[in-house]
Amino acid sequence: EGDEASLLAVQKDLQIIEQNLNAAGVEEFYNQSGKSQGRWEADSDPLNTEKELISQLEKNPADDETRLELARHFIRHGKVEQGRQLAFQLYSPNRIDDQAKKVVILVLEADRILGDEEMCDAMLRQLNKGYADKWDDPGLWALVSAICQDHGRGADARKALEMASKFDPGNQGIKNQLRLMK
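For the structure given in this document, a descriptive report is provided here. Remember, it's a predicted structure, so these values are computed and weren't measured experimentally. (Residues numbered from 1 in each chain as written. Predicted model: local features only at pLDDT ≥ 70, side-chain atom pairs only at ≥ 80, totals over all residues. Heavy atoms only, no water.)

### A few points about the overall build of the protein
Helix and strand counts for the protein stand at ten helices and zero strands. For the protein, the N- to C-terminal ordering of α and β elements is α-α-α-α-α-α-α-α-α-α. Within the protein, contacts between residues at least 6 apart in sequence are counted, and of these 59% link residues at least 24 apart. Per element, the accessible surface of the protein, about 9500 Å² overall, is 47% carbon and sulfur. (Helix = DSSP H or I, 4+ residues; strand = E, 2+ residues; numbered from the N terminus. Contact = heavy atoms within 4.5 Å. Areas by Shrake-Rupley, 256 points an atom, 1.4 Å probe, with all protein chains shown as cover.)

Listed below in structure tokens is the structure:
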């Protein structure tokens, strides 16, 4: 909500009260982590959108962008397992490019909804092996952090959020979240 009551609720939930954080900073972080980076806008006609995306994919099964958009649509509209499976078809652990980042973020979003830590753990292994710099998307690492937090893994959550901060050092929301994690 962005008001003082919401800020206090978030802080209480994290069991840390720090009065000098402002609501806008906390809101900025939550708007950038785990929310598909602005791609969660409501469809005016979700059933028609789904039919169109399926039709496009049937006409061109090699269209990876349509496959990702359909996976995102499924996740957004409650078909999370189906969306995750569709996105995961494009996953390759040896591929690191813009599309691979989109795939991993989408799978992480689905995993967070499902309570699954599989992709989160794979990304943490990349981090621990020193390969994290190749995955230079701060939203990806903020999402890994959020999943770790969801599962009570504070140390891993902090490491992932520090990577997010490395790739977006001016993000006040990430800085606020790191302060909350102390």
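Moving on from the coordinates now.
### Notes on the pattern of salt bridges
In this structure the tally under the stated criterion is 16 salt bridges. Between Asp136 and Lys101 there is a salt bridge, with its nearest N and O atoms 2.4 Å apart. Of this pair, Asp136 sits in the loop between α7 (118-128) and α8 (138-150) while Lys101 is found in helix α6 (residues 98-114), placing the two residues 35 residues apart along the sequence. Each member of the salt-bridge network shares a partner with another, and the members are Glu117, Asp121, Arg153, Asp156 and Lys159. (Salt bridge = Lys/Arg side-chain N within 4 Å of Asp/Glu carboxyl O.)

### A word on the packing of helix α3 (residues 46-59) against helix α4 (residues 64-76)
At a closest axis distance of 9 Å, the pairing of α3 and α4 adopts a crossing angle of 150°. Viewed along their axes, α3 and α4 adopt a mutual orientation that is roughly antiparallel. In this structure, α3 meets α4 at a crossing whose hand is left-handed. Residues Pro46, Thr49, Glu50, Leu53, Ile54, Gln56 and Leu57 of α3 lie in contact with α4, whose contacting residues are Thr66, Arg67, Glu69, Leu70, His73 and Phe74. Class assignment of the residues belonging to the contact of α3 with α4 gives a composition of six nonpolar, four polar and three charged. (Axes fitted to C-alpha atoms, helices over the stretch in contact; angles between N-to-C directions. Parallel < 35°, antiparallel > 145°, perpendicular 65-115°, else oblique. Left-handed = near helix turned anticlockwise from the far one by under 90°. Nonpolar A, V, L, I, M, F, W, Y, C, P; charged D, E, K, R; others polar.)

### Some thoughts on the nonpolar core
By size, the foremost hydrophobic cluster in this structure holds 41 residues, and its most contacted members are Leu108, Met123, Leu140, Trp141 and Val144. Broken down by element, this core gets its largest block of residues, eight residues, from α6. Residues within four places of Leu108 in sequence aside, it is in contact with Met119, Cys120, Leu140, Leu143, Val144 and Ile147. (Core = buried A, V, L, I, M, F, W, Y, C linked by side-chain atoms within 4.5 Å. Buried < 20%, exposed > 50% of the residue type's maximum accessible area, 1.4 Å probe, protein only.)

### Overview of α3
The end-to-end C-alpha distance of α3, which contains 14 residues, comes to 20 Å, matching closely the 20 Å that a straight helix rising 1.5 Å per residue would cover. Along α3, the residues that are buried comprise Glu50, Leu53 and Leu57. All buried residues of α3 lie within an arc of 70° about the axis, which places them on one face of the element. Exposed residues on α3 whose side chains face more than 90 degrees from its buried face are Leu47, Lys51, Glu58 and Lys59. (Expected span 1.5 Å × (residues − 1). Arc of directions from axis to C-beta.)

### Some points on the packing of aromatic side chains
With the rule as written, the count across this model stands at one aromatic pair. Above the ring of Phe88, the side-chain terminus of Arg84 is found at 5.1 Å from the ring centroid. (Phe/Tyr/Trp six-rings, centres within 6.5 Å; stacked < 30°, edge-to-face > 60°. Lys NZ or Arg CZ within 6 Å of the ring centre and 35° of its normal.)

### Digging into the side chain of Asn171
Turning to its location among the elements, Asn171 is positioned in the loop between α9 (154-167) and α10 (172-180). Assessed through its relative accessible area of 2%, Asn171 is described here as buried. One polar contact links the side chain of Asn171 to the main-chain amide nitrogen of Gly173, over a distance of 2.9 Å. (Polar contact = N/O pair within 3.5 Å; in protein donor to acceptor, adjacent residues only side chain to side chain.)

### What to know about the environment of Lys101
Assessed through its relative accessible area of 11%, Lys101 is described here as buried. Lys101 sits 38 residues away from Gly139 along the chain, and the two C-alpha atoms are 9.9 Å apart. Not counting chain neighbours up to four residues away, the residues in contact with Lys101 comprise Lys134, Trp135, Asp136 and Leu140.

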